[in-house]
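Geometric and topological summary
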Amino acid sequence: MSVVAGVTPKEADRTMSLKTWWALPMIQPLSRHLVVLVINRTSLTANHVTAMAIVLRLVTFFCFLLASRSLLVVGAVSYFFAYVCDCADGTIARMKNESSELGRYLDHVSDLVGDICILGALSWSQNLFMEPWVWAMAFMHIAECYMSYLAGFVIDGHEGGLNDFALFRRFNHYRQWFFAKNLKSFFSFPDYTALVFVFCPLLGVPALGLSVGFYFLLTIVLYTVLATFVTIHTDEVLFP
């Protein structure tokens, strides 16, 4: 393992993957400084940061399960900092040459399981656990996660055959404008979790967040399906 010395916030920012819309103003400044702190000042690894995110999600789970007004706030803040860690751990792994497919997979699985458990805790405390649309949300958690994860393997080294198809070409032009700014081309899963697990609990309206979140997540999943289809049939290498 080679350790990168003297990392700057700008270098950390350039190494980060595509940014989500809500992360750009609120999460990214904290994440890049966490990357700099971990690499320059500690012997922590990316796995340690992932473990911190798991612990913070556990705090959110128990806070949302009990769901008093003050615990909803604590849970929302805890989830916020869990996502700060999520945005930092992959960057730390890349900059310290610690990346591995196993680590990437375990990071995906831990995030997925944690978010589904948090969804279950929040819906349980709001007496919505048995609603069919809540279970549909859990299914969409799984679908979105594995579409994003598996698309990475398909995209690597693929050769698209429909680059000249007009609709695909225009869709890629739209996406490339955002990719040039290191930004995802549409709302994505973290934007949904920010609404349901951070903003609405902070405002004291978690049940409303869940009901609105269903439609928001459905829109995100449908866009992910479209983006996946276009990406694997063209030569675009970024996603979604």
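Residues numbered from 1 in each chain as written. Predicted model: local features only at pLDDT ≥ 70, side-chain atom pairs only at ≥ 80, totals over all residues. Heavy atoms only, no water.

**Let's talk about the overall build of the protein chain**
Counting its regular elements, the protein chain contains 10 helices and zero strands. If you list the helices and strands of the protein chain from N to C, you get α-α-α-α-α-α-α-α-α-α. Its C-alpha atoms give the protein chain a radius of gyration of 18 Å, near enough to 18 Å, the size a compact globule of 240 residues would have. Over its C-alpha atoms, taken along the principal directions, the protein chain stretches across nearly 50 × 45 × 30 Å. Taking all 240 residues of the protein chain together, the buried fraction comes to 46%. On the protein chain, the mean spot of the 15 positive side-chain charges and the mean spot of the 17 negative ones are 9 Å from each other. (Helix = DSSP H or I, 4+ residues; strand = E, 2+ residues; numbered from the N terminus. Rg over C-alpha atoms; globule rule 2.2 N^0.38 Å. Buried < 20%, exposed > 50% of the residue type's maximum accessible area, 1.4 Å probe, protein only. Lys, Arg positive; Asp, Glu negative; His and termini not counted. Charge placed at Lys NZ, Arg CZ, Asp CG, Glu CD.)

**Side note on the environment of P206**
Take P206: it is sitting in helix α10 (residues 206-232). The spatial distance from the C-alpha of P206 to the C-alpha of Q126 is 7.6 Å, given a sequence separation of 80 residues. Each residue touching P206, except ones within four places of it in the same chain, is listed here: L72, L122, Q126 and C200. (Contact = heavy atoms within 4.5 Å.)

**Some remarks on the packing of aromatic side chains**
A complete count under the given rule lists 24 aromatic pairs for this structure. Judged by centre distance (5.8 Å) and plane angle (25°), the ring pair of W21 and F178 falls under stacked. In this pair, W21 is assigned in the loop between α1 (9-15) and α2 (23-26) and F178 in helix α8 (residues 166-179), connecting sequence segments 157 residues apart. Ring centres 4.9 Å apart and planes at 90° place the aromatic pair F165 and F168 in the edge-to-face group. Each member of the aromatic cluster is reached from another via a ring pair, and the members are W21, F171, Y174, W177, F178, F186, F187, F216 and Y223. A cation sits over an aromatic face here: K181 above W177, 3.8 Å from the ring centre. (Phe/Tyr/Trp six-rings, centres within 6.5 Å; stacked < 30°, edge-to-face > 60°. Lys NZ or Arg CZ within 6 Å of the ring centre and 35° of its normal.)

**What about unusual backbone geometry?**
Of note in this structure, A67 is not a glycine but carries a positive phi near 60°. By secondary structure assignment, the location of A67 is in the loop between α4 (46-66) and α5 (69-95). One non-glycine residue, N127, adopts positive backbone phi at about 60°. Inspection of the secondary structure assignment puts N127 in the loop between α6 (101-125) and α7 (132-155). Taking the relative accessible area as the measure of exposure, N127 reaches 70% and is therefore exposed.

**Some details on the environment of L65**
Among the structural elements, L65 can be located in helix α4. As for L65 and G75, which are separated by 10 residues in sequence, their C-alpha atoms are 9.6 Å apart.

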